[in-house]
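Here's the letter readout for the chains.
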Amino acid sequence: MSYTYTIWFAIAGLLLGHGIVGAAVGGIIGFVLDNLRFSQRRSATPEAGGFVGPLFALLGAVAKSDGRVSEAEIAVAERMMTRMGLSAELRQQAVASFNRGKQPEFDVTPMIDELRQWVGLRRDHAFPVLDVVIETVLAEGNPPPEKMAILRQLAFALRVSDMELMALMAMKGYAWNAGAGGQRGYSRGTGGSGGYVPPTRNTQGPDPYAILGIARDADDRAVKRAYRKLISEHHPDRLGDLPEDMRKRAEARASEINAAYDRIKEERGFK
């Protein structure tokens, strides 16, 4: 459990001129808040396996959103099932859910809502879920607007910003400008408005600034701040009992973040 509030409230009580008594009172208040926050995080820990049905239904919908399900998209789904080490029962559920998501006029909104409820307050669990969906979105290369519309709807529901989504895409080697092509498309078919610019593979390799979610003209302090925030959110030790594949994805993202930060440090000459 973190004692951040305990420490800060104790210091505040001391600095406000109440001496040891103020520090003690502040520490008690902070300790209560730390306990409350810890209880909320524990209650928000996702149930193991609870993501399988809605996640694979969403993958089926993403694959079908442009009118056809390709062999590459099916291969991605099968690879996910293997990597996640699903039991025979959960694998059967995943296959059935994927096939259900492929049906015409399938509504992704209830599935996204289920994933939002499963993730709860754990934003660090939102990123592995998005990472899986991104792999399906990019299965055939530059994705059409229908696929990106579903991805952005999911990201919005999981409280992940466009900037953070751009960073996840950058880690996959794709450059994407969320501001291009007008407003968000949150439902199927709405992403096809004129001016859509798809994510494109970055031939120069992942952009370190995009990975950290910052502009190239950001100062050194902003770079360091962005790095610390990202590495704390993507650290695999925070993921609890998620499948090993999702933990490995978090490890890969942490490695990408560290590599991006090292490239920027070398370029700018700071430690």
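Residues numbered from 1 in each chain as written. Predicted model: local features only at pLDDT ≥ 70, side-chain atom pairs only at ≥ 80, totals over all residues. Heavy atoms only, no water.

Q: Where do I start with helix α3 (residues 71–83) in this structure?
A: Because an α-helix packs 3.6 residues into every turn, residues spaced three or four apart end up facing the same way. The end-to-end C-alpha separation of α3 is 18 Å, in line with the 18 Å expected for 13 residues at 1.5 Å each. Those residues of α3 not exposed but buried are E73, V76, A77, M80 and M81. Within α3, the buried residues cover an arc of 135° as seen down the axis, which keeps them to one side. Opposite its buried face, α3 presents the exposed residues E71 and T82, each directed more than 90 degrees away. Looking at the residues trailing α3, positive phi occurs at G85, about 60°. (Helix = DSSP H or I, 4+ residues; strand = E, 2+ residues; numbered from the N terminus. Expected span 1.5 Å × (residues − 1). Buried < 20%, exposed > 50% of the residue type's maximum accessible area, 1.4 Å probe, protein only. Arc of directions from axis to C-beta.)

Q: What am I meant to see in the environment of I257 here?
A: Among the structural elements, I257 can be located in helix α11 (residues 244–268). Taking the C-alpha atoms as reference points, I257 and Y227, separated by 30 residues in sequence, lie 7.2 Å from one another.

Q: Help me understand the packing of helix α5 (residues 109–119) against helix α7 (residues 145–157) in this model?
A: A packed helix pair is summarised by two numbers, namely the angle formed by the two axes and the spacing between the axes. The geometry of α5 relative to α7 is characterised by a closest axis approach of 9 Å and an angle of 35° between their N-to-C directions. When you trace α5 past α7, the crossing you get is right-handed. Between α5 and α7, the contacting residues are T109, I112, L115 and R116 on the first element and I150, Q153, L154 and A157 on the second. Here the contact of α5 with α7 is built from residues that sort into five nonpolar, two polar and one charged. (Axes fitted to C-alpha atoms, helices over the stretch in contact; angles between N-to-C directions. Left-handed = near helix turned anticlockwise from the far one by under 90°. Contact = heavy atoms within 4.5 Å. Nonpolar A, V, L, I, M, F, W, Y, C, P; charged D, E, K, R; others polar.)

Q: Looking at this structure, how should I read the pattern of salt bridges?
A: Side-chain pairing between opposite charges can occur once the charged atoms of the two side chains come close. Applying the stated criterion to the full structure yields 12 salt bridges. For the salt bridge of R152 with D162, the shortest nitrogen-to-oxygen distance reads 2.8 Å. Highlighted residues: R152 in helix α7 and D162 in helix α8 (residues 162–171), separated in sequence by 10 residues. Each of the two residues, R152 as well as D162, counts as buried. (Salt bridge = Lys/Arg side-chain N within 4 Å of Asp/Glu carboxyl O.)

Q: When you look at the nonpolar core in this model, what are you seeing that I'm missing?
A: Here is a general trend for soluble globular proteins: nonpolar side chains tend to be buried in one another's company. If you look at the biggest cluster of nonpolar residues, it comprises 67 residues, and the most contacted ones within it are F56, V133, L151, L154 and L212. The dominant element in this core, judged by the number of residues it contributes, is helix α2 (residues 52–64), at nine residues. V133 has contacts with L55, L58, L59, V62, L151 and L154, leaving out every residue within four places of it along the chain. (Core = buried A, V, L, I, M, F, W, Y, C linked by side-chain atoms within 4.5 Å.)

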